[in-house]
Amino acid sequence: MIQLTSAATLEKAINKARTVKPLVRVAKFGRYTVTNKQTGATYTVECMKREGKRFAHCTCKAGERGQACYHLASAVAAHIQLATERAQLNF
Ligand SMILES: [Zn+2]
């Protein structure tokens, strides 16, 4: 589990995600599966908000060690987009 404080936290992971271009699927709001299309490896990423702080967690080895992996960065990007769309629908 890592806390999402600033974009800099995810910068390296975002760059990796741009190279790998993984497939992100929405399981439900806040829960995503991220697949590396080259290897077929799939991991689950959960995004959550606790006491106003944003956290995310990935099931891969790096994620279990609390590192920001590209799965997490990809899922967070999808989550932000989804949250923005939801906010616009609930005006
Ligand atoms: Zn991961």
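Figured I'd write up the structure that's included with this text. (Residues numbered from 1 in each chain as written. Predicted model: local features only at pLDDT ≥ 70, side-chain atom pairs only at ≥ 80, totals over all residues. Heavy atoms only, no water.)

### A short note on the overall build of the protein
Thinking step 1. From N to C terminus, the protein includes three helices and five strands.
Thinking step 2. Scanning the protein from its N terminus toward the C terminus, one meets helices and strands in the order β-α-β-β-β-β-α-α.
Thinking step 3. Expected size for 91 residues packed as a compact globule is a radius of gyration near 12 Å; at 13 Å, the protein falls within 12% of this value.
Thinking step 4. Its C-alpha atoms put the protein at 40 × 20 × 20 Å along the principal axes. (Helix = DSSP H or I, 4+ residues; strand = E, 2+ residues; numbered from the N terminus. Rg over C-alpha atoms; globule rule 2.2 N^0.38 Å.)

### Section: helix H1 (residues 11–20)
Owing to its 3.6 residues per turn, the α-helix brings residues three or four apart onto one side.
Thinking step 1. Looking at H1, one finds that the buried residues are Ala13, Ala17 and Val20. One side of H1 carries all its buried residues, which in axial view fall inside an arc of 70 degrees. The exposed set on the far side of H1, more than 90 degrees from its buried face, consists of Lys12, Arg18 and Thr19.
Thinking step 2. Positive backbone phi, at 50 degrees, marks Lys21, one or two positions downstream of H1. (Buried < 20%, exposed > 50% of the residue type's maximum accessible area, 1.4 Å probe, protein only. Arc of directions from axis to C-beta.)

### A few points about the coordination of the zinc ion
In a perfect tetrahedron of four donors around a metal, the angles come out at 109.5 degrees. In a perfect octahedron of six, they are 90 or 180 degrees.
Thinking step 1. Surrounding the zinc ion are the protein donor atoms Cys58 (SG), Cys60 (SG), Cys69 (SG) and His71 (ND1), which sit 2.0 to 2.3 Å from the metal.
Thinking step 2. The coordination sphere of the zinc ion comprises four donor atoms, whose angles at the metal cover 106 to 115 degrees; the geometry is tetrahedral.
Thinking step 3. Summarised as a motif, the one-chain spacing of the donors to the zinc ion is C-x1-C-x8-C-x1-H. Per residue, the accessibility class of Cys58 equals that of Cys60, and both read buried. (Donors = N, O, S within 2.8 Å, 3.2 Å for Na, K, Ca; no water. Tetrahedral: all angles 85-135°; square planar, octahedral: opposite > 155°, others 65-115°.)

### Quick word on the pairing of strand S4 (residues 42–50)
Thinking step 1. As judged from the five bridges shared by strand S3 (residues 31–35) and S4, these two strands associate in the antiparallel manner. In the sheet register, Val34 faces S4, and the bridge partner there is Tyr43.
Thinking step 2. Bridge analysis of S4 against strand S5 (residues 53–58) gives six bridges, and the strand direction is antiparallel. Considered in S5, the bridge of Met48 is made with Phe55.
Thinking step 3. Taking the residues that link successive antiparallel strands as the turn, the S4-S5 hairpin has two residues, and the phi of Glu51 there is positive, at about 50 degrees. (Pairing = 2+ DSSP bridges.)

### Quick word on the side chain of His71
Thinking step 1. Assignment of secondary structure puts His71 in helix H3 (residues 70–89).
Thinking step 2. The exposure class assigned to His71 is buried, which follows from its relative accessible area of 6%.
Thinking step 3. The residues touching His71, leaving out its near neighbours within four places in the chain, are Val34, Tyr43, Val45, Cys58 and Cys60. (Contact = heavy atoms within 4.5 Å.)

### Considerations on the packing of aromatic side chains
Thinking step 1. Evaluation of the coordinates by the stated rule reveals zero aromatic pairs.
Thinking step 2. A cation sits over an aromatic face here: Arg86 above Phe29, 4.0 Å from the ring centre. (Phe/Tyr/Trp six-rings, centres within 6.5 Å; stacked < 30°, edge-to-face > 60°. Lys NZ or Arg CZ within 6 Å of the ring centre and 35° of its normal.)

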